[in-house]
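Coordinates in review
One-letter residues, chain by chain:
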Amino acid sequence: MAVSEYDISILNVVLQTAELRIGCSICTTKEEEITYSIKTIPHKCQENLLLAKLKKDGKCWRPISKRPEYPNPMQYDVCWFFAEGSGCTVHRKRCTFARSPEEVLIWNFLKRHFLDLESLISLISELEQNVSNLEGVSENIFADWSGEFQELCRECFNGSPCRITERESSHVCGTVLGHRWTPMMVHCLEQTPGNRMFSEIRPLPPKALLQLCCHDTKDKSPGHSPLECQFAHNKVELAVWKQEINSEWNRMELLWLSQKRRQPQHSNEVRLLSQNTTTKLHTSNDSTGVSARGPMEYETSYQDRLLKEYRDSDKTVVIMAEHVDEVDITHDEDLYLECQEVGTEIKWTFQIKTERLLSHVALLKNEPGAIFNLGDSSHNMACTYSVGNAFVKSGLCYEVTVTFKSSLSGLFEQWLVLDFDIRPVLLQKLKVRVWQSLLEPEGVLETFAPILERWHKENRVIMPYLPHLPSRTQDELLKTYDLPQKKHGASKTADSITTISRQNYRERMHHFLFEEEHVEAEMVSRLDFRGTMTLSNNLTSPYEEIGFCALPGELFGTLAFSFNITQGAPEGFLLKREVESVLVGEVTSCDPKQKVYEAVIIRDVASDKEIHLQLSRICCSDLGLQKDQVRDMEVQFQLNRLSFCEMHKAIDLLPDLNNVLPDFTNSCVPSHSPKYPKLNANQQAAMEFILGELDGKNGVAPLLIYGPFGTGKTFTLASAAKEVVCQSSGRVLICTHTNSSADIYVSRHFHQYFEAGYHEVRPLRIKTTKKRIAVRATDAITLMYCLLSPNGQLFIFPMKHDLDSHRIVIITTSWAKNLRELKLPENYFSHIMIDEASQMLESEALMALGLAGPKTRIVLAGDHMQMGPKLFSVGDDKRSDHTLLNRLFYYYQSEKKNVALESRIIFNENYRSNKEIVNFVSTHFYTGKKDTIRACGNVPAHPKHYPLRFHHVRGEWHLHPKSQSWYNLEEAETVVNIVGELLDDWPLKEWGPQKAEDICVLSEGHQVSSSG
């Protein structure tokens, strides 16, 4: 493509980040392989060399070579193995990675714009020629007309009363009105002190006539429209138009020069035209001037407007960022400090070098019990805002001081912002922990956790542990649902006030997941570690004869904590369930160039106070780690975000909202005539709903089945699935929250039916292999219906023909997302039944509902009084509110239509337990009435023992080193004795033949297993 076909303006993007120079061997000197310097020598330049230097952190000029023809990656990156003077030490001359960040920038730019290097050099040459021709245009206009040029809000300027509002951000007006920014350019001339004239400079019309308009701009007679007039309305406007027509000059240079010339002032000031200042306005609607009077006032503080802009933005990094181009900032103290005495004063001094004027300096947070102050703390009233001019050190160098003093112990946080009249503003996050004593109870995790700046891709270079890189699909998922920064001052009550609706459903679901992830990430960060790490090349399990040897070039790192890491604490729970890796780095100050390295947690050798890490080869090489060393390191634990991202994806992939917000005006209750004598009335109603026919005009809402334990929910769903596949060509997907519940469907409900000759009910149980233990942990009957590898050691992923050959498919709800890969046709499943729906998040249930078509019948079953999903962003009493079953219960209840009432069925007849146990549970855990749940199973009591007994045990809790769970030996011994008594005194008449497997022992969290 010819260079002339490109617009030079495309260079603006890359020129914001880097300086570009074209040269040759005469005007440049090659210092090193990729290090050049520029010489000023009169000559005819051959322009065959392109050099680039980053504006931020760029210390020397780097050559840009031709972009490789192959491969053509989505994005180029710097070679990890490149060393100046040696080249790529791995791939040598065959390396296709960039040699420098500058080369990465230019190659990606060339790729995006389909340019080659020669075309880019030609564009830069053309741009340099244009710039030299345009020098002095703006200075000439200032010399002819004096005054200054400003950009004001058009809506405020043309409003009544007229407001002079300068630019506050890229898209929001600075007034308290908060409307969108609609810019207009004006020429401001101060005729006498306090008397200013504003003349609008309109955009150049398409058919501009370079003459002054002969009409009064108030004249609205036919043939003249002030807004559409092609003539200039004042002499300054005419001068600007002439330069725009006759050259490539850009009027924005006038704004830049005006800003540079005037003294720094409150750019957020909103002035109501007042009696103290007389302002004459020249607009396209009025050339005679208008004056208005009133007191000058500030309507909102700078902090309030910045926070509002921050909260209202979609991408917070646009408004605030911890790094800003063309601004170099250093500080004498770490941003994260601790002190042991209340009243201790802490002081930070920030040195700022910039190419822009500093307009505002502010502290955003109000922390009761502590004073953060701009400048020295000479009084108890905090100074939280100042114009930037107050901190000038010399030229464009500034020195900002922040002091801190507390009257209470605790953790205090402050946000310092430096505003250069651009977005984003520069953000520095300060934290101080104050405590009175280091002697705190062991096990209180928050006391010992260090305060560390969290590492992320914006402030560190993250080096992944290569064998555990996410797949391309997972990597795209993580980028698509990147966790946004938690916005300071954001309302937490919006969700509780706003009723969920079809308009806000997806937004509400995403918002809650982000809130929960923020809280979990904060809890995990309490484990962050700064201290010594012991290095070795082998490990031995303290409780099993298992040894581990490090891979060549890798090492193991051991962290020793001063507190117990147990599942009883939220941090310990998340560590075991949601954390698989950490980031490791040397203990340094804030350095965005610092590399930090992903390391994998080795769980098989963990203990209550030690964690072992597998360190990558590149980590060991870069940091010079060797076995038997003890090194000071910083370790940050990383929450596994993949499960959150998968739920976000399920929200977006939900085909429609009919199954989460049913429209009962277009719904009916299915009708079904056959009766099933083994079912009670409520179970019969559920069967009729699941199997019934529609009225031919309306759809059907999801059926909700509520019921305590033992009321036959699973039995009813299994019975309905049998009838669906035996009486029709339907296909049923059964989803449960846990693998053990899914296995029960196979072993206790479908296996015997299949063995009796009903081949239609042969189920397909789909499972995933995790660390080679899932196959061994599955019972023999269930394994008969699973897909296994040839050696029988692994579960394998199903193909579509596997599903086609089965009419009943059983999975966990979280696994349902994988079925999307098979691209099943619409309405592939006639029925989707979700059991244990009260134990899973609504967004997890959506993974299964995303497979539903318009004709798919949905059933949700569960017990809303059982333990809900484990959540940390809400109290225990609110956990069930975030399940689909519980939300739909109240949604159906709020509807007054009979369809809604008949689509919700409550099971209350218990068939599993003795009457005394059922009455106790009904009275104390459900509605307070003992007949809410009715005992209908006629389960006899032991003739010598009361059905419900409590045993008080005096014992001591111990921590199991492998499972990190607590156990009590005395309590376990008591349980064993009770079970032994029952077996020794088994009542044959009441209970029939003795079966040890009929005795169930329950414990919180994990299934109890027996041995021996």
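Keep in mind it's a predicted model, so treat the numbers as computed, not measured.

What about the overall build of the chain?
- A tally of regular secondary structure across the chain gives 26 helices and 46 strands.
- Counting contacts in the chain only where the partners sit at least 6 residues apart, residues at least 24 apart contribute 71% of the total.
- Summed over all atoms, the accessible surface of the chain reaches about 52,400 Å², with 51% contributed by carbon and sulfur.

A closer look at the pattern of salt bridges
- All told, the structure shown has 28 salt bridges when counted by the stated rule.
- Where Asp-743 meets Lys-767, a salt bridge forms, and the shortest distance between an N and an O atom there is 3.2 Å. Taken as a pair, Asp-743 in helix 18 (residues 739-755) and Lys-767 in the loop between strand 38 (763-765) and helix 19 (780-783) lie far apart in primary sequence, 24 residues in all.
- Given a relative accessible area of 9%, Lys-767 falls into the buried group.
- Glu-909 is the partner of Arg-934 in a salt bridge, and the nearest nitrogen-oxygen pair spans 2.8 Å. Of the two residues, Arg-934 sits in strand 44 (residues 934-935) while Glu-909 sits in strand 43 (residues 909-910), which places them 25 residues apart along the sequence.

Here we look at the nonpolar core
- If you look at the biggest cluster of nonpolar residues, it comprises 87 residues, and the most contacted ones within it are Leu-613, Phe-637, Leu-803, Leu-819 and Ile-834.
- Ignoring anything within four residues of it in the chain, the contact list for Ile-834 reads Cys-735, Thr-813, Met-840, Ala-845, Ala-848, Leu-849, Val-859, Leu-860 and Ala-861.
- Residues Leu-679, Val-724, Val-725 and Phe-907 belong to the second largest nonpolar core, which totals 32 residues.

Description of the side chain of Glu-148
- The topology assignment puts Glu-148 in strand 8 (residues 148-153).
- Residue classification places Glu-148 among the buried residues on the basis of a relative accessible area of 18%.

Examining the sheet that holds strand 37 (residues 732-736)
- One open sheet holds the seven strands; their spatial order is 38-39-37-40-41-36-42, and the pairing between them is parallel. The strands lining the two open edges of the sheet, one partner per strand, are strand 38 and strand 42 (904-906). Looking at each pair of strands side by side, their axes are set apart by 15 degrees on average, direction ignored.
- For strand 40 (residues 831-834) and strand 41 (residues 857-862), the ladder comprises four bridges, and the chain directions are parallel. Among the inter-strand pairings, Met-833 is bridged to a residue of strand 41, identified as Val-859.
- The strands touched by helix 18 within the sheet are strand 37, strand 38 and strand 39 (808-812), with strand 39 carrying the most contacts at an inclination of about 155 degrees.

A short note on the packing of aromatic side chains
- A complete count under the given rule lists 20 aromatic pairs for this structure.
- On the basis of an interplanar angle of 50 degrees and a centroid distance of 5.8 Å, the ring pair of Phe-404 and Phe-412 is categorised as tilted.
- The class of Phe-404 is buried, set by a relative accessible area of 1%.
- Judged by centre distance (6.4 Å) and plane angle (20 degrees), the ring pair of Tyr-745 and Phe-750 falls under stacked. One exposure class covers both Tyr-745 and Phe-750, and it is buried.
- Aromatic ring contacts, followed pair by pair, group Trp-348, Phe-372, Phe-404 and Phe-412 into a single cluster.
- Positioned above the aromatic ring of Tyr-828 is the side chain of Arg-731, whose terminal nitrogen or guanidinium carbon lies 4.5 Å from the ring centre.
- Between Arg-904 and the ring centre of Phe-889, over which it is positioned, the NZ or CZ distance is 4.4 Å.

Regarding helix 18
- The first and last C-alpha atoms of helix 18 sit 23 Å apart over 17 residues, in line with the 24 Å expected at 1.5 Å per residue.
- Along helix 18, the sharpest change in direction is near 35 degrees and occurs at His-749.
- Looking at helix 18, one finds that the buried residues are Ser-741, Ala-742, Asp-743, Tyr-745, Val-746, Ser-747, His-749, Phe-750, His-751 and Phe-754.
- Looking at the buried residues of helix 18, the elements they touch are helix 17 (713-727), strand 37, strand 38, helix 19 and strand 39.
- Directly beyond the C-terminal end of helix 18, a positive phi value near 110 degrees is found at Gly-757.

So, the confidence of the model for the chain
- On average, the chain scores 81 in pLDDT, and the residues at 70 or more come to 81%.
- When the criterion is pLDDT under 50, residues 491-497 qualifies, and its contacts beyond four places in sequence or with other chains add up to two contacts.
- Note that pLDDT drops below 50 for residues 1007-1012; the model gives that stretch three contacts with residues more than four away or on any other chain.

Focus on the sheet that holds strand 4 (residues 49-54)
- Overall, antiparallel pairing links the three strands, which are arranged 1-4-5 in an open sheet. Of all strands in the sheet, those bounded by a partner on one side alone are strand 1 (18-23) and strand 5 (62-63).
- Bridge analysis of strand 4 against strand 5 gives two bridges, and the strand direction is antiparallel. Note on strand 5: the bridge partner recorded for Leu-51 is Pro-63.
- Running at roughly 110 degrees to strand 4, helix 2 (residues 101-113) makes contact with strand 1, strand 4 and strand 5 of the sheet.

Observations concerning unusual backbone geometry
- Following Arg-423, the chain continues to Pro-424 via a peptide bond in cis, the omega torsion being 5 degrees.
- Topologically, Pro-424 is positioned in the loop between strand 25 (410-419) and strand 26 (425-434).
- Backbone geometry places Glu-47, a non-glycine residue, at a positive phi of 50 degrees.
- The residue Glu-47 is located in the loop between strand 3 (35-38) and strand 4 in this model.
- Unlike most non-glycine residues, Ser-146 shows phi in positive territory, near 50 degrees.
- In this fold, Ser-146 is placed in the loop between helix 4 (137-145) and strand 8.
- According to the relative accessible area criterion, Ser-146 is partly exposed, its value standing at 39%.

What about the packing of helix 17 against helix 18?
- Two elements in contact, helix 17 and helix 18, have axes whose closest approach is 11 Å; the angle formed by their N-to-C orientations is 35 degrees. Here helix 17 and helix 18 pass one another in a crossing that is right-handed. Of the residues in helix 18, those touching helix 17 at Thr-714, Phe-715, Leu-717, Ala-718, Ala-721, Lys-722 and Cys-726 are Tyr-745, His-749, Phe-750 and Tyr-753.

A word on a nonpolar patch on the surface
- A contiguous nonpolar patch, built from Trp-80, Phe-81, Val-90 and Leu-466 and spanning about 340 Å² of accessible area, is present on the exposed surface.
- Inspection of the secondary structure assignment puts Leu-466 in the loop between strand 27 (461-463) and helix 10 (472-480).

Examining the pairing of strand 24 (residues 397-406)
- Here strand 24 lies mainly inside the structure; seven of its 10 residues are buried.
- Bridge count for strand 19 (residues 346-354) against strand 24 is eight bridges, and the pairing is antiparallel. Its bridge partner being in strand 24, Ile-352 is matched across the sheet by Tyr-398.
- The pairing of strand 21 (residues 370-374) with strand 24 spans five bridges and is antiparallel. Across the sheet, Ile-371 pairs through a bridge with Lys-405, a residue of strand 24.
- In this sheet, strand 24 lies alongside strand 23 (residues 392-394) in antiparallel orientation, the contact comprising two bridges. Note on strand 24: the bridge partner recorded for Ser-394 is Cys-397.
- Taken together, strand 23 and the strand that follows it, strand 24, pair antiparallel across an intervening segment of two residues, in which Gly-395 is found at a positive phi of about 55 degrees.

Topic: the side chain of His-751
- In this fold, His-751 is placed in helix 18.
- Separated by 2.8 Å, the side chains of His-751 and Tyr-785 make a polar contact.
- Non-local contacts of His-751, meaning those with residues more than four positions away in its chain, are made with Val-746, Ile-781, Met-784 and Tyr-785.

Observations regarding the environment of Gln-259
- Here Gln-259 shows up in helix 7 (residues 252-261).
- A C-alpha to C-alpha distance of 9.9 Å links Gln-259 and Asp-421, two positions 162 residues apart in sequence.
- With sequence-adjacent residues up to four places away left out, Gln-259 is seen in contact with Leu-357 and Asp-421.

Focus: the environment of Asp-652
- Turning to its location among the elements, Asp-652 is positioned in helix 15 (residues 642-653).
- If we skip the residues at most four places from it in the chain, Asp-652 touches Tyr-481, Arg-506 and His-510.
- In this structure the side chain of Asp-652 is engaged in a polar contact, spanning 2.7 Å, whose partner is the side chain of Tyr-481.
- Within polar-contact distance, the side chain of Asp-652 engages the side chain of His-510 at 2.8 Å.

Quick notes on the rules
- Residues numbered from 1 in each chain as written.
- Predicted model: local features only at pLDDT ≥ 70, side-chain atom pairs only at ≥ 80, totals over all residues.
- Heavy atoms only, no water.
- Helix = DSSP H or I, 4+ residues; strand = E, 2+ residues; numbered from the N terminus.
- Contact = heavy atoms within 4.5 Å.
- Areas by Shrake-Rupley, 256 points an atom, 1.4 Å probe, with all protein chains shown as cover.
- Salt bridge = Lys/Arg side-chain N within 4 Å of Asp/Glu carboxyl O.
- Buried < 20%, exposed > 50% of the residue type's maximum accessible area, 1.4 Å probe, protein only.
- Core = buried A, V, L, I, M, F, W, Y, C linked by side-chain atoms within 4.5 Å.
- Pairing = 2+ DSSP bridges.
- Axes fitted to C-alpha atoms, helices over the stretch in contact; angles between N-to-C directions.
- Phe/Tyr/Trp six-rings, centres within 6.5 Å; stacked < 30°, edge-to-face > 60°.
- Lys NZ or Arg CZ within 6 Å of the ring centre and 35° of its normal.
- Expected span 1.5 Å × (residues − 1).
- Bend = angle between axes of the 7 residues up to and from the residue.
- pLDDT = per-residue confidence, 0-100.
- Left-handed = near helix turned anticlockwise from the far one by under 90°.
- Patch = residues over 30% accessible without salt bridge, like charges linked within 9 Å, V, L, I, M, F, W, Y side chains within 5 Å.
- Polar contact = N/O pair within 3.5 Å; in protein donor to acceptor, adjacent residues only side chain to side chain.

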